[in-house]
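Coordinate analysis (summary)
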Amino acid sequence: MDCLFCKIIAGDIPSKKAYEDNDMLAFYDIAPQAKVHILVIPKEHIPSIDGLNTDNASVVAKIFSKIPEIAREAGITNGYRIVSNCGDDACQTVKHLHFHILGGEPLSEKMA
Ligand code: 5GP
Ligand code: ZN
């Protein structure tokens, strides 16, 4: 499958890893939009939030239960924002489900 994030999971494209286990990979965004900007992705290829269903959604709970540790280990101490762009209007550019962790500095009051 021609998916950038599947290639990162496979190690075909290098990334700066923040966390990895059997279900997920966290790595630093190549074009950070905050002082700390990490992407957390399931290892299973799910195109976006729109691709979630009762059979595959348990990985989202696993990701969210690991995010506090990933943020802490990355040095975030004063809060963070989780973003998941879903579809064209939200400017999703990589069609593999991912959650942005943004933090390390005060963020914009605007969300959109
Ligand atoms: P989206 O716009 O789909 O919500 O987020 C995709 C993110 O992937 C963007 O923030 C972009 O900077 C990041 N990205 C795109 N290509 C690469 C890459 O090759 N390596 C890493 N680490 N991040 C990437
Ligand atoms: Zn993929």
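These lines cover the structure that appears in this document, whether it is placed above or below. Every value quoted in this text rests on a predicted model; they were computed, and no experiment measured them.

So, the environment of Asp-29
- With respect to the helices and strands, the residue Asp-29 is situated in the loop between strand E2 (24-28) and strand E3 (36-42).
- For Asp-29 and Lys-17, which are twelve residues apart along the polypeptide, the C-alpha to C-alpha distance reads 9.8 Å.
- Among residues more than four places away in sequence, those in contact with Asp-29 are His-37, Ile-38, Leu-39 and His-100.
- A polar atom in the side chain of Asp-29 sits 2.8 Å from the backbone nitrogen of Ala-31.

Observations concerning the sheet that holds E2
- Pairing within the open sheet is antiparallel, and its five strands lie in the order E1-E2-E3-E5-E4. The open sheet is flanked by strand E1 (17-20) and strand E4 (80-83), the only strands paired with a single partner. Averaged over all pairs of adjacent strands, the angle between strand axes in this sheet comes to 20 degrees, irrespective of strand direction.
- Where E1 and E2 come together, three bridges link them in antiparallel fashion. Pairing of Glu-20 across the sheet is with Leu-25, part of E2.
- The strands touched by helix H2 (residues 58-73) within the sheet are E1, E2, E3, E4 and strand E5 (99-103), with E3 carrying the most contacts at an inclination of about 155 degrees.

Remarks on the coordination of the zinc ion (ligand 2)
- Every protein donor of the zinc ion (ligand 2) is listed here as Cys-3 (SG), Cys-6 (SG), His-45 (ND1) and His-96 (ND1), and their distances to the metal cover 2.1 to 2.3 Å.
- Classification of the site at the zinc ion (ligand 2) as tetrahedral follows from its four donor atoms and the range of 103 to 116 degrees in their angles at the metal.
- Here the donor residues for the zinc ion (ligand 2) map to a single chain with the spacing C-x2-C-x38-H-x50-H.

Things to note about the pattern of salt bridges
- Under the definition given, this model contains six salt bridges.
- With its nearest N and O atoms 2.8 Å apart, the salt bridge here joins Lys-43 to Glu-20. In this pair, Lys-43 is assigned in the loop between E3 and H2 and Glu-20 in strand E1, connecting sequence segments 23 residues apart.
- Since its relative accessible area comes to 26%, Lys-43 is described here as partly exposed.
- Two residues, Lys-62 and Asp-23, come together in a salt bridge whose shortest N-O distance is 3.5 Å. In this pair, Lys-62 sits in helix H2 while Asp-23 sits in the loop between E1 and E2, placing the two residues 39 residues apart along the sequence.
- Ionic contacts of the salt-bridge type, sharing partners, join the residues Lys-17, Glu-20 and Lys-43 into one network.

What counts and how
- Residues numbered from 1 in each chain as written.
- Chains lettered and ligands numbered in written order.
- Predicted model: local features only at pLDDT ≥ 70, side-chain atom pairs only at ≥ 80, totals over all residues.
- Heavy atoms only, no water.
- Helix = DSSP H or I, 4+ residues; strand = E, 2+ residues; numbered from the N terminus.
- Contact = heavy atoms within 4.5 Å.
- Polar contact = N/O pair within 3.5 Å; in protein donor to acceptor, adjacent residues only side chain to side chain.
- Pairing = 2+ DSSP bridges.
- Axes fitted to C-alpha atoms, helices over the stretch in contact; angles between N-to-C directions.
- Donors = N, O, S within 2.8 Å, 3.2 Å for Na, K, Ca; no water.
- Tetrahedral: all angles 85-135°; square planar, octahedral: opposite > 155°, others 65-115°.
- Salt bridge = Lys/Arg side-chain N within 4 Å of Asp/Glu carboxyl O.
- Buried < 20%, exposed > 50% of the residue type's maximum accessible area, 1.4 Å probe, protein only.

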